[in-house]
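# Structure assessment
Chain by chain, the residues run as shown.
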Amino acid sequence: MPLVDAWSKWMYLFIHGRTYAIYAQLGVFAYFFFQTFFLRSRFLPFTVNFIGSLFAFGLLVDLVSHLFNNGTKSDMTEEQFINLFKNGRTHDLYGCIILLIAGGIDLFFNFLSAIAIALVLIVTYLIVKARFYH
């Protein structure tokens, strides 16, 4: 499924701007990570941002460990991908959904979470476009 099968090739793509999902996910993780420390005086915003930072980091690690890049593409049909989603094989999409919920809740406390929501939507689009699963 990945376009590359070696870390060095993936790093070349990363350095030369060919891993959009990774860049967006780095932004999502940075947002939730820093918000966790800035909003630690109130329980609900802290909890939402802490959960968001955990899921953002998990999704980032998963995408990097599978060498996800702009050329990643599965040969399956949309119907097959939807069936995999229903059967729990697309856990990256589930992470995106949780991050969207966390960003939506955080929107009540900080308008900047709209940026994180937009970045998660980009990552979600790229995962769905590639029909990425494992």
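Now for a quick tour of the structure. (Residues numbered from 1 in each chain as written. Predicted model: local features only at pLDDT ≥ 70, side-chain atom pairs only at ≥ 80, totals over all residues. Heavy atoms only, no water.)

## Some remarks on the nonpolar core
Put simply, the rule is: Residues enter a nonpolar core if they are buried and are Ala, Val, Leu, Ile, Met, Phe, Trp, Tyr or Cys, with the set joined through side-chain atoms within 4.5 Å. For each residue, the accessible area found with a 1.4 Å probe, counting protein chains only, is set against the maximum for its type, and the residue is called buried under 20%, exposed over 50%, and partly exposed in between. The helix and strand labels rest on DSSP assignments: H or I over at least four residues marks a helix, E over at least two residues marks a strand, and numbering proceeds from the N terminus. Contacts between residues were defined by any pair of non-hydrogen atoms, one from each residue, lying within 4.5 Å.
F32, L59, L63, F68, L99, V123 and I127 are the most contacted members of the largest nonpolar core, which totals 32 residues. Taken together, the elements giving at least two residues each to this core come down to α1 (7-15), α2 (20-38), α3 (43-65), α4 (78-86), α5 (91-106) and α6 (113-130). When residues of this core are assigned to their parent elements, the largest contribution, 7 residues, is made by α2. Here L59 is in contact with Q25, D92, C96, L99, V123 and I127, once residues within four sequence places are set aside.

## Describing the pattern of salt bridges
Spelled out, the test is: Take a side-chain nitrogen of Lys or Arg and a carboxyl oxygen of Asp or Glu: if they are within 4 Å of each other, that pair is a salt bridge.
Summed over the entire model, instances satisfying the criterion amount to 1 salt bridge. One salt bridge in this structure joins E78 and R131, with 3.7 Å as the shortest N-O distance. With a gap of 53 residues between them, E78 in helix α4 and R131 in the segment after α6 connect regions that are remote in the sequence.

## Details of the packing of α3 against α5
How we decide: Note on definitions: angles span 0 to 180 degrees between N-to-C directions of axes, and those axes are lines fitted to C-alpha atoms, for helices only across the stretch in contact. Convention used here: angles under 35 degrees read as roughly parallel, angles over 145 as roughly antiparallel, angles from 65 to 115 as roughly perpendicular, and any remaining angle as oblique. By convention the crossing between two helices is left-handed if the near helix lies anticlockwise of the far one by an angle smaller than a right angle, and right-handed if it lies clockwise. Throughout this entry, Asp, Glu, Lys and Arg are counted as charged residues, while Ala, Val, Leu, Ile, Met, Phe, Trp, Tyr, Cys and Pro are counted as nonpolar. The remaining residues, Gly among them, count as polar.
Interaxial distance between α3 and α5 falls to 9 Å at its minimum, and their mutual angle equals 150°. One element, α3, and the other, α5, form an angle in the roughly antiparallel class. Judged by the twist between their axes, the crossing of α3 over α5 is left-handed. For the pair α3 and α5, contact is made by V48, N49, G52, F55, A56, L59, D62 and L63 and by H91, D92, G95, C96, I98, L99, A102, I105 and D106, respectively. Residue composition of the contact of α3 with α5, grouped by class: 10 nonpolar, 4 polar and 3 charged.

## Re the environment of F85
Within the element layout of this structure, F85 appears in helix α4. Each C-alpha atom of the pair F85 and F50 lies 26 Å from the other, and the pair is 35 residues apart in sequence.

## Examining the packing of aromatic side chains
Our working definition: Side-chain rings of Phe, Tyr and Trp (the six-membered ring for Trp) are treated as a pair once their centres are within 6.5 Å; stacked means planes under 30 degrees apart, edge-to-face means over 60, and tilted covers the remaining angles.
Per the stated rule, a full pass over the model turns up 11 aromatic pairs. Ring centres of F85 and Y94 lie 5.0 Å apart, and the angle between their planes is 35°; on these two criteria the pair is classed as tilted. On the basis of relative accessibility, which here comes to 29%, the residue F85 falls in the partly exposed class. On the basis of relative accessibility, which here comes to 28%, the residue Y94 falls in the partly exposed class.

Spatial relationships are all this shows, so hold off on functional conclusions.
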